[in-house]
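Topology and contacts: notes
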Amino acid sequence: MESPDEQTHRFEMELEFIQLLANPDYLHYLATENYFSRSEFINYLKYLEYWRQPQYAKYLQFPHCLHFLTLLHDASFRASLLNPFTIDMIKQRQVAHWATYRNYNLLLSITDGKEGDMEAARLADIAAAAAAAAGYPVPTPDEAT
């Protein structure tokens, strides 16, 4: 049985680790160091699924780490992390999402979810143009949600 101090330490270590999964460079490191070929490590990733429960998820500062945790259950995704091009693409998509996500959700709140509203369309075009001008792939509204 762990002491309260040991439980706190384990919680903090697991919180830090799961959030590292949101970092594409760290995922590349794990792939190049062959962590994904170890069954113990894959089992550890399965164990970390408990972070999806609200009482734990509320501590995540980078909740998209849970999306990467899901992707890491796919062997082909894990293998693709060896390719630097894949890592660059993931980074670009993350930045594009961050650049447009708030604007898209703001548009939906302004229009009460009525995406056909002219003002929403105008603001969406501005946000997409800004992301494109910065060289980022622009997600469609379906990808932005």
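Residues numbered from 1 in each chain as written. Predicted model: local features only at pLDDT ≥ 70, side-chain atom pairs only at ≥ 80, totals over all residues. Heavy atoms only, no water.

Taken as a whole and judged by the stated rule, the model has 4 salt bridges. In this structure, Arg 10 and Glu 14 form a salt bridge, with 3.5 Å as the shortest nitrogen-oxygen distance. Of this pair, Arg 10 and Glu 14 both sit in helix H1 (residues 4-20), 4 residues apart, roughly one helical turn. The exposure class of Glu 14 is buried, given its relative accessible area of 6%. Here Lys 91 makes a salt bridge to Asp 25, at a shortest N to O gap of 2.8 Å. Note that Lys 91 is positioned in helix H7 (residues 84-110) and Asp 25 in helix H2 (residues 24-32), a separation of 66 residues in sequence. Residue classification places Lys 91 among the partly exposed positions, given a relative accessible area of 29%. Among the charged side chains, a network of salt bridges with common partners joins Glu 2, Arg 10 and Glu 14. (Salt bridge = Lys/Arg side-chain N within 4 Å of Asp/Glu carboxyl O. Helix = DSSP H or I, 4+ residues; strand = E, 2+ residues; numbered from the N terminus. Buried < 20%, exposed > 50% of the residue type's maximum accessible area, 1.4 Å probe, protein only.)

Evaluation of the coordinates by the stated rule reveals 14 aromatic pairs. A centroid spacing of 5.2 Å and a plane angle of 80° characterise the contact between Phe 11 and Tyr 59, whose relative ring orientation is edge-to-face. Of this pair, Phe 11 sits in helix H1 while Tyr 59 sits in the loop between helix H4 (54-57) and helix H5 (65-71), and the two are 48 residues apart along the sequence. Judged by its relative accessible area of 22%, Phe 11 falls in the partly exposed class. You can call Tyr 59 partly exposed: its relative accessible area is 41%. In this arrangement the basic side chain of Arg 38 is found over the ring face of Tyr 35, its NZ or CZ atom lying 4.4 Å from the centre. (Phe/Tyr/Trp six-rings, centres within 6.5 Å; stacked < 30°, edge-to-face > 60°. Lys NZ or Arg CZ within 6 Å of the ring centre and 35° of its normal.)

Moving on: the nonpolar core. Core analysis: the largest hydrophobic core is formed by 25 residues, its most contacted members being Ile 18, Leu 21, Phe 36, Leu 45 and Leu 81. Elements with a contribution of two residues or more to this core: H1, H2, helix H3 (39-47), H5 and H7. Residue contributions to this core peak at 4 residues, all from H5. (Core = buried A, V, L, I, M, F, W, Y, C linked by side-chain atoms within 4.5 Å.)

The next point concerns the environment of Ala 75. By secondary structure assignment, the location of Ala 75 is in helix H6 (residues 75-80). In sequence terms Ala 75 and Ser 37 are 38 residues apart; their C-alpha atoms lie 9.4 Å from each other.

In this section: H3. All of the buried residues along H3 are Phe 41, Ile 42 and Leu 45. All buried residues of H3 fall inside an arc of 100° around its axis, so they share one side. Those residues of H3 hidden inside the fold are in contact with H1, H2, H5 and H6. (Arc of directions from axis to C-beta. Contact = heavy atoms within 4.5 Å.)

A word on H1. The end-to-end C-alpha separation of H1 is 24 Å, in line with the 24 Å expected for 17 residues at 1.5 Å each. Those residues of H1 lying buried are Glu 14, Leu 15, Phe 17, Ile 18 and Gln 19. Tucked into the core, H1 has its buried residues touching H2, H3 and H5. (Expected span 1.5 Å × (residues − 1).)

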